[in-house]
Amino acid sequence: MEATMISDEQIELLLNDVLELYGYDFTNYTKASIKRRINRILAVDRFPSFAELRYRLRNDKTYLNRFVEAISVNVTEMFRDPQFFRILKEKVLPHLATYPYIRIWHAGCSTGEEVYSMAILLKEANLLHKSLLYATDINQEVLEKARQGVFSLSNMKQYSENYILSGGIKAFSDYYITTNGHVKFNEELRRKIIFAMHNLVSDRSFNEFQLILCRNVLIYFDKHLQDRAIGLFDESLETLGYLALGAKETLRFAPIEKNYKQIDGKEKIWRKMK
C-alpha cells in the first residue's frame, strides 16, 4: 500500500479520534513520520481501506495498544541530557545510598539506553550491587531490543561524549564489548534490570520505588491521562523518593504538586515530601 493512499486530512482525522477517545496526543508528530507508520499498519494488518482502520480503532479498545506501539516514536540515547545525569549523581544518589536496597523504575524505557545509563551511574557510585532497575514500556518490540542490550557501534562516540559530560569516571568502552558493528553491554549491568510490558494508561502500580524516571512520555498524553500517570507514580513512590520527568514536563497544576519539592531549578526532578 503506497503512502500516497492516505491523505494528511485522514491522518488528522485519525489522530483526533485517538486523542478524543483515548487521550493519546500524537498531533505533534511530523506528518511524514506518521504517514509512514500508519501506511505500514494498513499494509501489515491488511486493512482494505483507511475507513476500516478508523472503524476498528474507534470500536475496538484492545486494538489501541497495537496502534500506539506502531506509531510511537522511540527516540532516546545514553546519558541523554548529561546535566540531568550529573544532578542525579550529585543530588539523588547520595540519598539513595542510605537505603539497604534501591528500587528504580524507568517508565517508558523505549530501547533501554537510559536504563543502561542509570546502571552505569549506580556502578560508579558503588550502588549497583544493592539496586534493582525495572524498565517498562508499552511496546514489546523495543522492550526486546532493550533486553538484549545490543546497540549500534556508530552511536558510541556520541554516547561516550554524553557520558563524559555527565561526570563519568572511567573509559566508556569498559562497559561493553564490540562485535560486527554492534556493542553489547556487560552482563553485570543487564543482570540488575528487569524488563516488562506496562501500560501507564491502564495498568496499576506493581512495587514501591525510591526513584521513578519517566522522561518525555507524558507530553503525548492529555491532561487527564497525565494526571492519571502522575497519580500512579505517586502511589508507587516511597515518601522522600524522587520523581524525574522530561524537559517539557512538569508537576505544576497536578493534584499531587503540593506534596513534592523540586530539587533542581532546571532539571525536572522532584522529591516526595509526604
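Residues numbered from 1 in each chain as written. Predicted model: local features only at pLDDT ≥ 70, side-chain atom pairs only at ≥ 80, totals over all residues. Heavy atoms only, no water.

1. Describing the pattern of salt bridges
For step 1, the next point in the chain: For the structure shown, the criterion picks out 17 salt bridges.
For step 2, the next point in the chain: Between Glu-238 and Arg-103 there is a salt bridge, with its nearest N and O atoms 3.2 Å apart. With Glu-238 in strand β8 (residues 237–245) and Arg-103 in strand β1 (residues 102–107), this pair connects stretches of sequence that are 135 residues apart. By the burial criterion, Glu-238 is buried, and Arg-103 matches it.
For step 3, the next point in the chain: For Arg-147, the salt bridge identified is with Glu-144, shortest N-O distance 2.8 Å. Of this pair, Arg-147 and Glu-144 both sit in helix α7 (residues 140–148), three residues apart, roughly one helical turn.
For step 4, the next point in the chain: By relative accessible area, Arg-147 is classed as partly exposed at 25%.
For step 5, the next point in the chain: On the accessibility criterion, Glu-144 (33% relative accessible area) is partly exposed. (Salt bridge = Lys/Arg side-chain N within 4 Å of Asp/Glu carboxyl O. Helix = DSSP H or I, 4+ residues; strand = E, 2+ residues; numbered from the N terminus. Buried < 20%, exposed > 50% of the residue type's maximum accessible area, 1.4 Å probe, protein only.)

2. With respect to the packing of aromatic side chains
Geometry of an aromatic ring pair is reported as the spacing of the ring centres plus the angle between the planes.
For step 1, the next point in the chain: Going through the model one piece at a time under the given rule, you end up with 23 aromatic pairs.
For step 2, the next point in the chain: Consider the rings of Phe-47 and Tyr-63, whose centres lie 5.8 Å apart with planes at 80°: the pair is edge-to-face. Remark: Tyr-63 occurs in helix α4 (residues 62–71) and Phe-47 occurs in the loop between α2 (31–44) and α3 (50–59); sequence separation between them is 16 residues.
For step 3, the next point in the chain: Aromatic pair Trp-105 and Phe-206: ring centres 4.9 Å apart, planes at 75°, arrangement edge-to-face. Pair noted here: Trp-105 is in strand β1 and Phe-206 is in the loop between β6 (193–197) and β7 (209–214), with a separation of 101 residues, a long-range link. (Phe/Tyr/Trp six-rings, centres within 6.5 Å; stacked < 30°, edge-to-face > 60°.)

3. Some words on the environment of Asp-60
For step 1, the next point in the chain: As for its placement among the helices and strands, Asp-60 is situated in the loop between α3 and α4.
For step 2, the next point in the chain: Asp-60 sits 15 residues away from Asp-45 along the chain, and the two C-alpha atoms are 14 Å apart.
For step 3, the next point in the chain: Within the structure, the side chain of Asp-60 is placed 2.8 Å from the side chain of Arg-56, a separation counted as a polar contact.
For step 4, the next point in the chain: Within the local environment of Asp-60, its side chain forms a polar contact with the side chain of Thr-62, the two groups lying 2.4 Å apart. (Polar contact = N/O pair within 3.5 Å; in protein donor to acceptor, adjacent residues only side chain to side chain.)

4. Regarding the sheet that holds strand β5 (residues 182–185)
For step 1, the next point in the chain: Across the sheet, three strands lie side by side as β3-β5-β4; this open sheet has antiparallel pairing. On the outer flanks of this sheet lie β3 (150–152) and β4 (176–179), each paired with one strand and no other. In this sheet, adjacent strand axes meet at a mean angle of 30° when their direction is disregarded. (Pairing = 2+ DSSP bridges. Axes fitted to C-alpha atoms, helices over the stretch in contact; angles between N-to-C directions.)

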